[in-house]
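If you want the building blocks of each chain, they are given just below.
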Amino acid sequence: MILNKQAKAEINRLNEELEERVAQRTSELTKTEQKYRVMIETASDAVVCMDESGAIVLANPATMRVFGYEPTEVIGKPLTVLMPEFLRKVHEDGYKRYLATGQRHLNWQGHELTGLRKNGQEFPVEVRSGEVTADGHRIFTGFVRDITERKQAEELRASLHQPQGRLARISRLTTMGELTASIAHEVNQPLTAITNNGSACLRLLANQNLDPEVLRRALEEIVADGNRASAVIARIRGFIKKAPEEKSELDVNEVIQEVLALVGPELQKNRVSVECDLRKALPLVLADRVQLQQVLLNLVVNGIEAMTAVTERPRELLVKSQIEESGDLMVTVRDSGTGLSSEADRVFTPFFTTKANGMGMGLPISRSLVEGHGGRLWATPNSPHGAVFSFTLPATGSSS
C-alpha cells in the first residue's frame, strides 16, 4: 500500500508538472501569436494570405489603405481580385507550376508588379512572399507595399536630368557663339588656300605651262587644306550635336589637344601663350568625349577671357595633366588673369557671372558634368596672379 501511495503521489506530481509545462508552453505560444498578430495588424504594408486553392484566408487592416478593400471583403475571394486583368493568367499559370514542380516564376525576396485597387485604379507595388505549412496545409503570405511615391520620385529625378542635358547643350551653343569669329577665321584659312592653289593651277593650264611636279604639290596642298577645313567643321558639329551620353575609354591628353585646336585662333587673337605639361602614358578615363570637351573648353575660354584686361604682364595659360596619389587623373588649367575673389567657390553658383552677357551656367554645368563622371571640379587663386581650375576623374586602370 505504501508503494502504491508513493506511486500515485509521483504520478500526481508528474501530471501537475506536465500540466504546468503545457500551460506555460500554451502561454508562450499565445504571447507569440499575439505578437505576430500585433505586427500584422499594425503593419503599414498590406499582408495577404492565401491557401493552396488560391483563395484569400487573411488580410490585415492595411489592405484597406493599399487596395481600398476592408479585410472581410476579400476573405474567400481569389488573390487575382487584387491584380489587373493582364496579370491574372500569368499568376495562375505560375502558381500551378510552383505547386507541381516547386519552380518559382518570381523572386520571392521582392519583385515589382502592378496592383488593382477596388476602384479599378492600377498602381505599382512591391511584393515579398513567404510560405508556411500548418496542420498539413500550405499557406502563402504576401507583403504588399504601395510604391507609387517611390516611382514618382524616380520619374522626377529622371526628368530633372533632361533639363540639365538641355542646359549643357545650350551652354555649348553659347560658347560656340562666342567663338564664332575665331571659328570663321579657322575655316576661312584653308578655304582661302584651296582657292589660291586652284586658281594657280588654272593659270598654269591657261598658259600651257603646267609642270607635273608643281601640279602634284598644288593638289596635295588642296587635299590637305580640304581635310583641315573638314576636321574643323567635324569638331564643331560633334561638339554642338544633340546626342545621348556615350561614355567610352578616352585619353585625356587627346581631348586637351582637340580643345586647344578648337580655340587656337582665339588664343592667337588674344595674344595668349599656351604651355602644355601633359603626363605621358596616362591611364584612360571612362567619359563622354563631348562632355569632357565642354568642361575643358569652358575652363580654357574662361582663362582667355580672364586675361583680356591684362596689359602689364604676359598672358599665359598652362594646361597640365597628371596622376594623383589616389590614382585619379587630374587636369589643371592655370591662367595669369585678374584672379578670383575670396569666395572662389561662388563661381560655381548657377547664374553667377562676371561677364556682361554671360549666362552664369558654364561653370555650374561643368561641375555637374565632372561629378556625373565620378570626379570633382574646384577653383583656387593662382600665385601671384590669376586662377587655377582643377578637376579629377577616376582612372579605368588601362593606359593610353
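For the structure itself, consult the block above.
These numbers come from a predicted model, not from an experiment.

Some thoughts on the packing of helix H8 (residues 252–262) against helix H10 (residues 289–306)
Here is step 1: It is the contact of H8 with H10, at a shortest axis distance of 9 Å, that shows an interaxial angle of 55°. In terms of orientation, H8 and H10 fall into the oblique class. Seen along the crossing, H8 lies across H10 with a hand that is right-handed. Residues Val252, Glu254, Val255, Ile256, Glu258, Val259, Leu260 and Leu262 of H8 form the contact with H10, whose own contacting residues are Arg289, Leu292, Gln293, Leu296, Leu297 and Val300.

Section: the packing of aromatic side chains
Here is step 1: Inspection of the entire model under this criterion finds three aromatic pairs.
Here is step 2: Between tyrosine 95 and phenylalanine 140, the ring centres sit 5.5 Å apart and the planes meet at 85°, which makes this aromatic pair edge-to-face. Of this pair, tyrosine 95 sits in helix H4 (residues 85–101) while phenylalanine 140 is found in strand S5 (residues 137–146), placing the two residues 45 residues apart along the sequence. One exposure class covers both tyrosine 95 and phenylalanine 140, and it is buried.
Here is step 3: Within the aromatic cluster, the residues linked to one another by ring pairs are Tyr95, Tyr98 and Phe140.
Here is step 4: Over the ring of phenylalanine 123 we find arginine 117, and its NZ or CZ is 3.8 Å from the ring centre.
Here is step 5: Over the face of the ring belonging to tryptophan 378 we find arginine 376, whose NZ or CZ atom lies 4.0 Å from the ring centre.

A few points about the environment of lysine 77
Here is step 1: Its location among the elements puts lysine 77 in the loop between helix H3 (71–74) and H4.
Here is step 2: Note on lysine 77: relative accessible area 36%, which makes it partly exposed.
Here is step 3: Along the sequence, lysine 77 and isoleucine 56 sit 21 residues apart, while their C-alpha atoms lie 5.6 Å from each other.
Here is step 4: With residues up to four places along the chain from it excluded, the contact list for lysine 77 reads Gly54, Ala55 and Ile56.

Structural notes on the side chain of arginine 315
Here is step 1: Position of arginine 315 among the secondary structure elements: in the loop between H10 and strand S9 (316–323).
Here is step 2: Among buried Asp, Glu, Lys and Arg side chains, arginine 315 stands out as unpaired, with glutamate 312 the closest opposite charge at 8.2 Å.
Here is step 3: At 2.8 Å, the side chain of arginine 315 forms a polar contact with the backbone oxygen of asparagine 270.
Here is step 4: There is a polar contact of 2.9 Å between the side chain of arginine 315 and the backbone oxygen of valine 310.
Here is step 5: Aside from chain neighbours lying at most four places away, what touches arginine 315 is Asn270, Arg271, Val272, Ser273, Met307, Thr308, Val310 and Ser336.

Notes on the sheet that holds S9
Here is step 1: Spatial ordering of the open sheet is given by S7-S9-S10-S12-S11, a layout of five strands whose pairing is mixed. One side of each edge strand has no neighbouring strand; the edge strands of this open sheet are strand S7 (273–278) and strand S11 (376–381). Sheet twist, expressed as the average angle between the axes of neighbouring strands with direction ignored, equals 15°.
Here is step 2: Bridging between strand S10 (residues 329–335) and strand S12 (residues 387–393) involves six bridges; their strand directions are antiparallel. Across the sheet, residue methionine 330 finds its bridge partner in S12, namely threonine 392.

Each value, and the rule that gives it
- Residues numbered from 1 in each chain as written.
- Predicted model: local features only at pLDDT ≥ 70, side-chain atom pairs only at ≥ 80, totals over all residues.
- Heavy atoms only, no water.
- Axes fitted to C-alpha atoms, helices over the stretch in contact; angles between N-to-C directions.
- Helix = DSSP H or I, 4+ residues; strand = E, 2+ residues; numbered from the N terminus.
- Parallel < 35°, antiparallel > 145°, perpendicular 65-115°, else oblique.
- Left-handed = near helix turned anticlockwise from the far one by under 90°.
- Contact = heavy atoms within 4.5 Å.
- Phe/Tyr/Trp six-rings, centres within 6.5 Å; stacked < 30°, edge-to-face > 60°.
- Buried < 20%, exposed > 50% of the residue type's maximum accessible area, 1.4 Å probe, protein only.
- Lys NZ or Arg CZ within 6 Å of the ring centre and 35° of its normal.
- Lys, Arg positive; Asp, Glu negative; His and termini not counted.
- Salt bridge = Lys/Arg side-chain N within 4 Å of Asp/Glu carboxyl O.
- Polar contact = N/O pair within 3.5 Å; in protein donor to acceptor, adjacent residues only side chain to side chain.
- Pairing = 2+ DSSP bridges.

Note that all results are geometric; they support no functional claim without further evidence.
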